[in-house]
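# Observations on chain architecture
Read off the chains here:
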2 protein chains.
Amino acid sequence: MSETMPPTRPGPNLSRIATSLGVSVATVSNALSGKGRVSEQLAERIKEHAAELGYVPSQAGRALRTGRSGVIGLVLPDIANPLFPKLAQAIEFAASAAGYGVLIADSRGDVATQTEAINRLIERGVEGLVIVPRRATRISAAACPVAVIDTGSTPGNTVAADHMQGGWAIANHLAELGHRRVLIIGNNPGSNVQNDRAGGVRSGLRPGMSSATLWIETLERQGGSGCSLGLAEKVREGYTAFAALSDLQALRALTELQRDGIDVPSMASVTGFDDLIWSPVITPSLTTVAMDMHTIAEIAISSLLQTIKTRGSREGVLVTSETDRVPMQLIVRQSSGPADPTRIS
Amino acid sequence: MSETMPPTRPGPNLSRIATSLGVSVATVSNALSGKGRVSEQLAERIKEHAAELGYVPSQAGRALRTGRSGVIGLVLPDIANPLFPKLAQAIEFAASAAGYGVLIADSRGDVATQTEAINRLIERGVEGLVIVPRRATRISAAACPVAVIDTGSTPGNTVAADHMQGGWAIANHLAELGHRRVLIIGNNPGSNVQNDRAGGVRSGLRPGMSSATLWIETLERQGGSGCSLGLAEKVREGYTAFAALSDLQALRALTELQRDGIDVPSMASVTGFDDLIWSPVITPSLTTVAMDMHTIAEIAISSLLQTIKTRGSREGVLVTSETDRVPMQLIVRQSSGPADPTRIS
DNA sequence: CTGAAAGCGCTTACAG
DNA sequence: CTGAAAGCGCTTACAG
C-alpha cells in the first residue's frame, strides 16, 4: 500500500473540531460560515469550540476549493516616490475593509520589471490587480481584471485625480490674489500628469494674466542643488507667482527664492501639487492641491471587486468606473498670500 | 451518487498537460520542478508543452500540499510616513529575490489595528512576518516567525539602524567644522529612535562643545507653521549648528532660519536624519545621515527565511540576527558648510 | 437539520 | 525512469 504524508498544520482543522465534537466536517463548515443550514444551538456550540481551539481556517484549502484567493495585487512604479505611499495606504485600507489582502509589487520604474511583477502576482493567484502604470505604459489585458490608476488622459483608465481641474483651481486662486504673471515650473514635459496640470493652470488664467512654463531638469539624487533656477531674476522680470507642478519643485523654488532674499509670500507666491507630508511644515507653509486618495482608492477597489464578482477573476479585462475623475482639493496656506509688487526690488 | 463540481481554473493544470502528453501527472510535476527524476528528453518535451499551453502552477494547490504559502507579511505603522516607503521597497525587493510575495498591512499607528493586522496576515497563511512595531509596542510572539525592525534599544529586535552611531557621525561632522554650540531639535521625547539619535549626537561632542535639546511639538497636519521655533534668537545666543533628529524638522528649521534672514550655511549649519527624498533638492541641500535600508531589509529577510527553514513557519519565535545594528551613512551637503560666527549679527 | 462523499491542483513516498 | 495513489483542508450538491 503506497502511503504519503503531506505536512499537517499544527493548528486544528475542521476535521479535528468535527471529531472532537462528534459531528461531521460539513456541519462544522456550515456552522462556521454561518450559511444557516445548522441549528442555532449546534452552530453556537461549534463556534465556541472552534474559538477555544484557536481554529484558523486554511486559506489554501479554501482557495483551492473555491478558486478565490481573497487577495489582490498592487503594482506601483516606485513606492519610494512620495506620491505613492498615501495611495498604497488608501488601497490597503479599502481592500482590507472588503476582506481582501494586498500583495505589493514595485516595478522600480522599469517596464520589464513591471511585466514580470504582474506575472508574479498572477502566479500567486491574485483575483485582480490595481496598477499604477509606469509612465507611458499601456497595460494590455493581463490574465485577470485590472484597475488602472493614472492620469485621466490615458485610455483604459479606471480612475484618476482630475489634474486639469486641480491646475485650474491653482490658477483661480492666484487670480483672486491679483497675480498677473505666472511661471509654471515642471520637470518632465513628457509626463501626462504634468501636462494636464499645466494645461489646467493655463485654462484658469483670466484676461490680463499670462504664463510661461519652465521645465527644469530633475536633479540626480546626490547631485545637490548647485544649479540655480534663476527665479529671483524671474521676479525682477515681473513674475509674482510660481506654480510648481509638484510640491517637490515648489520646495525647490521656495528655498531658492528665500535664499536669494525674496520673501514669500509678501514678494512672490509659490504653489505646489500633491500636499506631500512636509507641505504644512515648512516656513512659509505651502499652498497646494491634493488628490483625494481615499476616494480614488475606494473607486478603484469597488470597481475591481465588482468586475471580479460579475465576470470572474480569470478574464483579463480593464475595469471601468462611472466616476473616473476625482476632483482635487485646493489647500490654501501661507505661501500664496497677496502679491505685493511694490516690495519687489 | 452524490457528485460535486468545484470550480475549475480556466488555465491548464498538471493533469491536462499529462493526458495531452500521455504521461502521468507525477512525471509532469517532477519534470517541471526539475528534481531530476525524469529523463532529460521527456522533461524537455514536457516543459515545452507546458510553456505552449501557458501553464501557471496553482499556488493554492501547492500551498495546501506543502504547507508553504510562499508569502510573508509586512506590518508597518504608517506607510504614509516618509520613512517607511524606502524600507517597504527594500523588503519587497529582498523578498521577491528570494521567491516570496509580500502582503502588506498598515496598522495606522494604532495598537489594536496592529494586532488585528497581524492576525489577518496569519489567516492568509503567511510563513513569516516582518514587523516595524508601532512606537513602544512589544511584539509578543505571534503564530509564526517574526522579524522586528526597530530602534536598537528595544529587546527582541532583529535588525535596526545604528541611530546612536548616526548621531555620533553628525556631531563629529559638526565638530570638524568648528561648531561649539549645537542645538538638537526633536519632536518626540518619548521616541526610542529620537533619544538614541540625540544621545549619539551628545556622545560625539568634543571638549569645548556644548549642546541643548529643543523638543518641538508636532504640527497638526493642517495647522500651518504659524508658530515660530525662535531659532533666529538661538543664533543670536550663540548656537551655530542645528542638529535636527529628522529631515522633516531640519526642513522646518532651515526654512524658518532663511525666512528670518539667517543664511545657511554661512551663518548657521543645519543637519537632519534619514535622507528623505527632498533633502538633496532644497536650497541649500541638506546634510543628513541615512539608514542603509537595503542592508536592513536584506538582514531581516534572510534571518526570517533562515528561521522559517530551520524551525518551520508555525512556531511563534522572534527572529534574531548576528548583525543587528547597521551603520548609518553620513551624507554631507551644503547646509552644513563651515560656521562663520563673524557674520552673525 | 445533518452527514457522506467528491474533488479543487499539487507533491511525494513508494512500487514497478 | 515512470506511474498509481494518497492526502493537504476546504466547500458544496445531494441524500437521508
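As annotated in an unreviewed UniProt entry, chain A carries the name LacI family transcription regulator and is attributed to Rhizobium favelukesii.

## Considerations on the overall build of chain A
For chain A, the helix and strand inventory stands at eleven helices and twelve strands. Its C-alpha atoms give chain A a radius of gyration of 27 Å, more than 25% over the compact-globule value 20 Å for 345 residues. The principal-axis extent of the C-alpha atoms belonging to chain A is close to 95 × 40 × 40 Å. Residues counted as buried form 54% of the 345 residues belonging to chain A. Across chain A, contacts joining residues at least 24 apart in sequence account for 72% of those joining residues at least 6 apart. Approximately 14700 Å² of chain A is accessible, and the part contributed by carbon and sulfur atoms is 51%. Both charge centroids of chain A, one from 32 positive and one from 32 negative side chains, sit 3 Å from each other.

## Considerations on the packing of aromatic side chains
All chains considered together, the criterion is met by one aromatic pair over all chains. The interplanar angle of 65° and the centroid separation of 6.3 Å between the aromatic rings of W278 of chain A and W278 of chain B together place this pair among those described as edge-to-face. Of the two residues, W278 of chain A is situated in the loop between strand 9 (269–271) and strand 10 (288–290) and W278 of chain B in the loop between strand 9 (269–271) and strand 10 (288–290); the pairing between them involves two chains. Classification of W278 of chain A by relative accessible area gives buried; the value is 1%. Across from the ring centre of F93 of chain B, 4.5 Å away, lies the NZ or CZ of R108 of chain A, which sits over that ring.

## As for unusual backbone geometry
Cis peptide bonds are those with omega within 30 degrees of zero, and the linkage from V264 of chain B to P265 of chain B qualifies with 15°. Among the secondary structure elements, P265 of chain B is positioned in the loop between helix 10 (247–259) and strand 9. Omega for the bond connecting T283 of chain B with P284 of chain B falls within 30 degrees of zero, at -10°, which places this linkage in the cis form. Within the secondary structure layout, P284 of chain B lies in the loop between strand 9 and strand 10. Even without glycine at this site, D275 of chain A takes up a positive phi of about 50°. Residue position: D275 of chain A is located in the loop between strand 9 and strand 10. Of note, D274 of chain B is a non-glycine position whose phi angle comes to about 105°, a positive value.

## Some details on the nonpolar core
Core analysis: the biggest nonpolar cluster contains 98 residues, and I91 and I149 of chain A together with I91 and I149 of chain B have the highest contact counts within it. Setting aside its immediate chain neighbours within four residues, I149 of chain A contacts L87, I91, V130, I131, V132, P133, N157, V159, I296 and A300 of chain A.

## Some details on the packing of helix 7 (residues 163–176) of chain A against helix 8 (residues 192–203) of chain A
All names here are of chain A. One way to put it is that helix 7 packs onto helix 8 with a least axis distance of 6 Å and a crossing angle of 40°. If you check the angle between helix 7 and helix 8, you find them oblique. Handedness of the crossing formed by helix 7 with helix 8: right-handed. The segment helix 7 lies against helix 8, with H163, M164, G167, W168 and A171 engaging V193, D196, R197, G199, G200, V201 and S203. Residue classes in the contact of helix 7 with helix 8 are distributed as five nonpolar, five polar and two charged.

## With respect to the pattern of salt bridges
Applying the stated rule across the entire model yields 16 salt bridges over all chains. Linking E176 of chain A and R206 of chain A is a salt bridge whose minimum nitrogen-to-oxygen distance equals 2.9 Å. Here E176 of chain A, found in helix 7, pairs with R206 of chain A, found in the loop between helix 8 and strand 7 (210–215); they are 30 residues apart in sequence, far enough to count as distant. The class of R206 of chain A is partly exposed, set by a relative accessible area of 33%. Salt bridges linked by common partners bring E92 of chain A together with E116 and R120 of chain B together as one network.

## Here we look at the pairing of strand 2 (residues 101–106) of chain A
All names here are of chain A. Taken across its six residues, strand 2 has six buried, putting it largely inside the fold. The sheet contact formed by strand 1 (residues 71–76) and strand 2 spans six bridges and is parallel. Residue pairing in the sheet places G73 in a bridge with L103 of strand 2. For the crossover from strand 1 across helix 5 (residues 84–97) to strand 2, the handedness is right-handed.

## What to know about helix 1 (residues 14–21) of chain A
Residue and element names in this part refer to chain A. All of the buried residues in helix 1 are I17, A18 and L21. Buried residues in helix 1, looked at end-on, bunch into an arc of 100°, giving them a common side. Taken together, the buried residues of helix 1 touch helix 2 (25–33) and helix 3 (40–53). Following helix 1 by one or two positions, G22 has its phi on the positive side, about 70°.

## A short note on the sheet that holds strand 7 (residues 210–215) of chain B
Residues and elements named next belong to chain B. Spatial ordering of the open sheet is given by 7-6-8-9, a layout of four strands whose pairing is parallel. Of all the strands in the sheet, just strand 7 and strand 9 have a single pairing partner and so form its edges. Neighbouring strand axes in the sheet, compared pairwise and without regard to direction, differ in orientation by 20° on average. Relative to strand 8 (residues 241–244), strand 6 (residues 181–186) is paired through four bridges, and the arrangement is parallel. If you follow I184 over to strand 8, its bridge partner there is A243.

## Side note on the domain arrangement of chain A
Residues and elements named next belong to chain A. Assigned domains of chain A: these are domain 1 (14–57), domain 2 (71–144 + 293–326) and domain 3 (163–217 + 226–289 + 330–343). The C-alpha-based centres of domain 2 and domain 3 are spaced at 32 Å. Facing four residues of domain 2, the contacting portion of domain 3 comprises five residues. Buried surface at the junction of domain 2 and domain 3, summed over both partners, amounts to about 450 Å²; 50% is from carbon and sulfur atoms. Considering only the side of domain 2, the residues that lose the most area to domain 3 are P82, L83 and R135, jointly responsible for 66% of the buried surface there. Our enumeration of links across domain 2 and domain 3 arrives at zero salt bridges. Counting across the domain 2 and domain 3 interface gives one residue pair in polar contact (both at pLDDT 80 or more). Residues belonging to the side of domain 2 that touches domain 3 are distributed by class as follows: two nonpolar, no polar and two charged.

## Re the relation of the copies chain A and chain B
Taken as rigid bodies, chain A and chain B are interconverted by a rotation of 180° and an axial shift of 0.0 Å, the fit giving an RMSD of 0.0 Å. Overall, the copies show the geometry of a two-fold rotation axis. Minimal C-alpha distance to the rotation axis in chain A is attained by L103 of chain A, lying at 2.2 Å.

What counts and how
Residues numbered from 1 in each chain as written. Chains lettered and ligands numbered in written order. Predicted model: local features only at pLDDT ≥ 70, side-chain atom pairs only at ≥ 80, totals over all residues. Heavy atoms only, no water. Helix = DSSP H or I, 4+ residues; strand = E, 2+ residues; numbered from the N terminus. Rg over C-alpha atoms; globule rule 2.2 N^0.38 Å. Buried < 20%, exposed > 50% of the residue type's maximum accessible area, 1.4 Å probe, protein only. Contact = heavy atoms within 4.5 Å. Areas by Shrake-Rupley, 256 points an atom, 1.4 Å probe, with all protein chains shown as cover. Lys, Arg positive; Asp, Glu negative; His and termini not counted. Charge placed at Lys NZ, Arg CZ, Asp CG, Glu CD. Phe/Tyr/Trp six-rings, centres within 6.5 Å; stacked < 30°, edge-to-face > 60°. Lys NZ or Arg CZ within 6 Å of the ring centre and 35° of its normal. Core = buried A, V, L, I, M, F, W, Y, C linked by side-chain atoms within 4.5 Å. Axes fitted to C-alpha atoms, helices over the stretch in contact; angles between N-to-C directions. Parallel < 35°, antiparallel > 145°, perpendicular 65-115°, else oblique. Left-handed = near helix turned anticlockwise from the far one by under 90°. Nonpolar A, V, L, I, M, F, W, Y, C, P; charged D, E, K, R; others polar. Salt bridge = Lys/Arg side-chain N within 4 Å of Asp/Glu carboxyl O. Pairing = 2+ DSSP bridges. Right-handed = clockwise from strand over helix to strand, strands pointing away. Arc of directions from axis to C-beta. Domains from an automatic or database assignment. Buried area = accessible area lost by both parts, 1.4 Å probe. Polar contact = N/O pair within 3.5 Å; in protein donor to acceptor, adjacent residues only side chain to side chain. Least-squares fit on C-alpha atoms with pLDDT ≥ 70 in both.

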